[in-house]
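So the chains spell out like this:
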Amino acid sequence: MIRITGRAAALCCTLALAACFPPVTTHPVGTPEKPDPALAGLWKATMSQSDPGENQAYFHFVPRTDGTLLVVIVSAHSKDGDVMAAKTTTTRIGNAHYMNATLLAVDKDKNDTDEMPPGTMPVFYRLDDARHLTLCLMDEDKTKAAINAHKITGTVGSGAFGDATITADKAELDAFFASAEGRALFNCKDAKLATMTKMD
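Residues numbered from 1 in each chain as written. Predicted model: local features only at pLDDT ≥ 70, side-chain atom pairs only at ≥ 80, totals over all residues. Heavy atoms only, no water.

## Remarks on the sheet that holds strand β10 (residues 164–166)
- If you walk across this open sheet you meet the three strands as β1-β10-β9, and the pairing is mixed. Bordering the open sheet on either side are β1 (24–25) and β9 (154–156), each of which pairs with just one other strand.
- Pairing geometry for β1 and β10, over two bridges, is parallel. Along β10, the bridge assignment pairs Val 24 with Thr 165.
- The strands touched by helix α2 (residues 140–148) within the sheet are β9 and β10, with β10 carrying the most contacts at an inclination of about 60 degrees. (Pairing = 2+ DSSP bridges. Helix = DSSP H or I, 4+ residues; strand = E, 2+ residues; numbered from the N terminus. Contact = heavy atoms within 4.5 Å. Axes fitted to C-alpha atoms, helices over the stretch in contact; angles between N-to-C directions.)

Right under this line is the structure:
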């Protein structure tokens, strides 16, 4: 797993990333579309795998003129001003909606970029209605199994905590995520990142 340090580590623990990042891809999934307007605004999130009392955060999705969404994430319990940010694009493959997230350094005095993942983090998202949003990450064990079985091109680091990186080119990557096997990597039961409610 890719370790992170400093403020990002503290916030990631709060955000249920356990101070490490989920599997990444060296190419974004799908073809970037215009930012999904349904995402824009402020959401209050319950992080699915954080401890009770430490599992609340705010996600602010801000559309940018370059066709991306800036996502600013702040723990609802932070006393140190911890914050994370990501540049994302949205896309759709079949009926599935995805974000491709690249983390951004928010504190130039810290080495936030030194140990960031070498690619983008695909995130499956589902809008249950205009005010309720679910985000799901790729399941690490399933991703490693798919790579090791040569169902998708990638690398798996050594040991139980080795990183999983999908290195497939765009054509292979998109074809895989259009398949049932690719969609199954996003385990919304065990690898759910958050459920969110839009703020007024």
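## With respect to the side chain of Thr 143
- Tracing the backbone through its elements, the reader meets Thr 143 in helix α2.
- Among the polar contacts listed, one links the side chain of Thr 143 to the backbone oxygen of Asp 139, at a separation of 2.7 Å.
- Those residues in contact with Thr 143, other than ones at most four positions away along the chain, are Pro 23, Met 138, Ala 164, Ile 166 and Leu 185. (Polar contact = N/O pair within 3.5 Å; in protein donor to acceptor, adjacent residues only side chain to side chain.)

## So, the nonpolar core
- With 25 residues, the main nonpolar core has Phe 59, Phe 61, Leu 133, Leu 135 and Met 196 as its most contacted residues.
- At the level of secondary structure, the elements contributing two or more residues to this core comprise β2 (41–47), β3 (56–63), β4 (69–75), β5 (83–93), β6 (96–104), β7 (121–129), β8 (132–137) and β11 (192–198).
- Excluding residues within four positions of it along the chain, Met 196 makes contact with Trp 43, Lys 44, Ala 45, Phe 59, Phe 61, Arg 131, His 132, Leu 133 and Leu 135.
- By size, the runner-up hydrophobic cluster in this structure holds 19 residues, among which are Phe 124, Met 138, Ile 152 and Ala 168. (Core = buried A, V, L, I, M, F, W, Y, C linked by side-chain atoms within 4.5 Å. Buried < 20%, exposed > 50% of the residue type's maximum accessible area, 1.4 Å probe, protein only.)

## Quick word on the pairing of β2
- Relative to β3, β2 runs antiparallel, the two sharing six bridges. Paired with Leu 42 across the strands is His 60, a residue of β3.
- Where β2 lies against β11, five bridges are found, and the strand directions are antiparallel. Across the sheet, residue Lys 44 finds its bridge partner in β11, namely Thr 197.

## Structural notes on the state of the cysteines
- For the structure shown, the criterion picks out one disulfide.
- The disulfide bridge from Cys 136 ends at Cys 188, spanning 2.0 Å between sulfur atoms. Across the S-S bond linking Cys 136 and Cys 188, the dihedral sits near 120 degrees, which makes this disulfide right-handed. On the criterion of sequence distance, the pair formed by Cys 136 in strand β8 and Cys 188 in the loop between α4 (180–183) and β11 is long-range, its members being 52 residues apart. (Disulfide = S-S within 2.5 Å.)

## Concerning the sheet that holds β8
- Taken together, the eight strands give a closed barrel; going around it, the order is β2-β3-β4-β5-β6-β7-β8-β11, and neighbouring strands pair in antiparallel fashion. Each strand of the sheet is rotated relative to its neighbour by a mean of 30 degrees, with strand direction disregarded.
- Bridge analysis of β6 against β7 gives five bridges, and the strand direction is antiparallel. When the sheet's bridge partners are listed, Met 99 is paired in β7 with Val 123.

## A word on the pattern of salt bridges
- Tallied over the full model, the rule gives five salt bridges.
- Lys 87 is paired through a salt bridge with Asp 66; the nearest N and O atoms lie 3.7 Å apart. Taken together, the residues span a long stretch of sequence, with Lys 87 in strand β5 and Asp 66 in the loop between β3 and β4 at a distance of 21 residues.
- A residue is classified by how much of its surface remains accessible, and Lys 87, at 39% relative accessible area, is partly exposed.
- Arg 126 serves as the salt-bridge partner of Asp 128, at 2.8 Å between the closest nitrogen and oxygen.
- Residue classification places Asp 128 among the partly exposed positions, given a relative accessible area of 47%.
- Relative accessible area serves as the criterion here: at 34%, Arg 126 is assigned to the partly exposed category. (Salt bridge = Lys/Arg side-chain N within 4 Å of Asp/Glu carboxyl O.)

## Points about the environment of Ala 168
- Mapped onto the secondary structure, Ala 168 falls in the loop between β10 and α3 (170–177).
- Through-space distance from the C-alpha of Ala 168 to that of Thr 153 is 4.8 Å; in sequence the pair is 15 residues apart.
- In contact with Ala 168, other than residues within four places in its own chain, are Thr 26, His 27, Ile 152, Thr 153 and Leu 173.

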